[in-house]
Every structure is written in C-alpha cells, then in structure tokens.
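# An overview of the molecular structure
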Amino acid sequence: MRINPRLLPVFAVLCSILSVQAGASFSKHLFPILGAEGVTALRQLYSTLLLLLVFRPWQGGPARKDWGVVMLYGGLLGVMNLTFYLAIERLPLGIGVALEFLGPLAVAILSSRQARDFVWVACAVAGLALLIPWGGHTGALDPVGVAWALVAALCWGLYIIVGQKVSDRVHGGKAVALGMAFSLLLTLPVGVIHSGAALWAPSVLPWAIAVAVLSSAIPYSLEMMALKHIPAKTFGLMMSLEPAAGALLGFLIIGEQLSLTQCAAIALVIIASAGSSLTARRAVDESLP
C-alpha cells in the first residue's frame, strides 16, 4: 500500500514534536549540574557536530545572497533554545511549553485567511487554557520563568516564518546544519561562562548527546522538510500538540501525573491539529484543476 505523499510532512511534524519533548524531559536531569545555559550549550554543540558531518553544508551551500537569512535563522535557534531552557528550569515542562506555544499560535492567527481556520485556533486556545494553572495557582509561577517563556514564544513564531524562507532557498539539512553552527556562536560562550569544566564531565556526556539528538538534530531536520510542503499556519497549528506531548512524555520520563483537566486539554489540542491538517489538505485539493 502506497503512502499518500501529502501525509509525509504531517508525519514529520508529529515525529519532530515527540522528539523535542523527549529531549526536553531528559534535559531536566542535567539542570542541577549544568544549569539551563550549560545544557543549551551542549545541546547545540553536539547537534552541530552531528549535522555538519551528515549534511556537509560546505558542499553546495547557500548562495551569497542567502547567507543573511541563514544567519538570522541560526540566531533565532540559539535564542529560542536558551530562553526555553531558562524557562523550564523555573517552570513545569507542560506550562513552559504551553506559554512558548503562543508564538506559533500567533503565526497561525495572523496568517489565516478563512473563517473555518479559527475553529481550530479556538480548540487550541481552549486546550492551552486548561493547561495553564489559572486562579490561585497562577501566582505560584516564577515570573522570571514566565518572561523567558514569552521570549522563547516570540523566537518560535519568528523561527517558523524565517525557517520557511530558508527552506525555500537552501537544502533543508544543510540549512539546519548551518543554522545550528551560527547558533553555537551564541550559546557555547554563554554555557562555558556559566558551567565551566562541568560541561566536559564524563557522566554528563550520554545525557547531553541524547538531548542534542532528540531536541535538535532530529526535529529541526524534519521541520525543514515539512516546511517545504505545508503552509505556516498549518505548521503553527500542528505545533499545538507540543503541550500535550510535553505532558505525556513528562509523565512517561519524569513521572509527572496527568490530571483529568490535562487529558481534556490533550484532546482539544489533538482536535485542533487534526482539523487544521484536514482543512489544509481540502484547500489544496480544491485548488487543483
């Protein structure tokens, strides 16, 4: 049985989501040793080395006129990763992911042109509302962590927009490898200053490689491929699965318990993602002669 090629980008995004959240869960084991800055540095370092070896961007790399957007893409990756880890160092994983999702959600809303798309946006917003602890619990959230999460949200929204421009001009794997290399120029000095010799402790190496592969090398490559074939608003709405995946993998890896409210939120964001994918496919079918 042949797989419909239109479903491959959707599958790639889903795999990317699961990989990112697994990496984020593993990263929490390193925070007490390295801090968010050190974890980010090692994640970027090992991801960059792996991607450079695999994709060899020095062979058939971007044209001279495209280096600016590739550097911007890399800068956004670095700031997004660093600020997200600074956020979840102070916040529960599910809350940090939910706040960061405000970035792609904004992209989805601003790029929407059809009324039916707002149905899926409403579902995603409702799911997020259930994941965020309103009322008396809100005051317990670390305000610095919330601020870092909102900066990460801004970077994630810009990453979607800039990433699509990069994927249109540069081979996906080469673009990711170069982007990670530029991001390393920002994150590695910060990590070395903060963590020092602890970065190179042998006991840290297996965890750091796992975080790098799961959080960066795999998902960014998959996202670059997906962004070539799906619109930004669909990509942004599919990212609504991030809080649900974070809650699920947080339970499986870290041992965080899922409440009935969290289960309801998971159902809502799945509906939003599935609905946006179906709507996008129908729109493509209707546009074909």
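What you see is a predicted model; the values in this text were computed from it and never measured. (Residues numbered from 1 in each chain as written. Predicted model: local features only at pLDDT ≥ 70, side-chain atom pairs only at ≥ 80, totals over all residues. Heavy atoms only, no water.)

Since the α-helix packs 3.6 residues into each turn, any two residues three or four apart lie on the same face. Here helix α11 (residues 241–254) contains 14 residues, and its C-alpha end-to-end distance of 19 Å stays within 8% of the 20 Å for a straight helix at 1.5 Å per residue. Along α11, the positions that sit buried rather than exposed are L241, E242, P243, A244, A245, G246, A247, L249 and G250. Of the residues flanking the end of α11, it is G255, one or two places downstream, whose phi is positive at about 95°. (Helix = DSSP H or I, 4+ residues; strand = E, 2+ residues; numbered from the N terminus. Expected span 1.5 Å × (residues − 1). Buried < 20%, exposed > 50% of the residue type's maximum accessible area, 1.4 Å probe, protein only.)

What follows deals with the packing of aromatic side chains. Tallied over the full model, the rule gives four aromatic pairs. An angle of 75° between the planes, with centres 5.8 Å apart, marks the rings of F31 and Y85 as edge-to-face. A residue pair is termed long-range when its members are at least 10 positions apart, and F31 in helix α2 (residues 31–55) and Y85 in helix α3 (residues 67–88) qualify at 54 residues. Among the aromatic residues, those joined into a cluster by ring pairs are F31, F84 and Y85. (Phe/Tyr/Trp six-rings, centres within 6.5 Å; stacked < 30°, edge-to-face > 60°.)

A word on the packing of helix α1 (residues 8–27) against helix α9 (residues 205–227). Orientation of α1 relative to α9, taken along the N-to-C sense of each, is 160°, at an axis distance of 8 Å. Here α1 lies roughly antiparallel to α9, going by the angle between them. Helix-helix and strand crossings are classified by hand; for α1 and α9 the assignment is left-handed. Tallied by class, the residues present in the contact of α1 with α9 amount to 18 nonpolar, five polar and one charged. (Axes fitted to C-alpha atoms, helices over the stretch in contact; angles between N-to-C directions. Parallel < 35°, antiparallel > 145°, perpendicular 65-115°, else oblique. Left-handed = near helix turned anticlockwise from the far one by under 90°. Nonpolar A, V, L, I, M, F, W, Y, C, P; charged D, E, K, R; others polar.)

Turning to the pattern of salt bridges, a few remarks are in order. Considering all chains together, one arrives at one salt bridge under this definition. A salt bridge links R90 to E89; the nearest nitrogen and oxygen atoms lie 3.5 Å apart. The partly exposed category is assigned to R90, whose relative accessible area is 35%. A relative accessible area of 32% means that E89 is categorised as partly exposed. (Salt bridge = Lys/Arg side-chain N within 4 Å of Asp/Glu carboxyl O.)

For the pair α3 and helix α4 (residues 93–100), the least separation of the axes is 9 Å and the interaxial angle reads 140°. Taken as axis vectors, α3 and α4 run oblique relative to one another. Crossing of α3 against α4: the hand is right-handed. Taken together, the residues of α4 that come into contact with α3 (itself represented by M80, F84 and I88) are L93, G96, V97 and E100. (Contact = heavy atoms within 4.5 Å.)

Now for the nonpolar core. In this structure, V13, Y73, Y159 and V166 are the most contacted members of the largest nonpolar core, which totals 42 residues. When sequence neighbours within four positions are dropped, the list of residues in contact with V166 reads V69, V70, Y73 and A175. One finds L30, L34, Y85 and V211 within the second-largest nonpolar core, a separate group that totals 21 residues. (Core = buried A, V, L, I, M, F, W, Y, C linked by side-chain atoms within 4.5 Å.)

A separate point is the confidence of the model for the chain. Across the chain, the average pLDDT comes to 79, with 82% of residues at or above 70. Averaged pLDDT values over the elements of the chain bottom out at 66 in helix α12 (residues 260–287) and peak at 90 in α3. The low-confidence segment residues 283–289 (pLDDT under 50) makes six contacts with residues lying over four places distant or belonging to another chain. (pLDDT = per-residue confidence, 0-100.)

Here we take up the side chain of N81. The topology assignment puts N81 in helix α3. Judged by its relative accessible area of 3%, N81 is buried. Once residues within four sequence positions are removed from consideration, N81 is found in contact with T40, R43, Q44 and Y220.

This part takes up the environment of S19. Its place among the elements puts S19 in helix α1. With 197 residues separating them in the primary sequence, S19 and S216 have C-alpha atoms 8.6 Å apart. In contact with S19, not counting residues within four places along its chain, are V213, L214, S215, I218 and P219.

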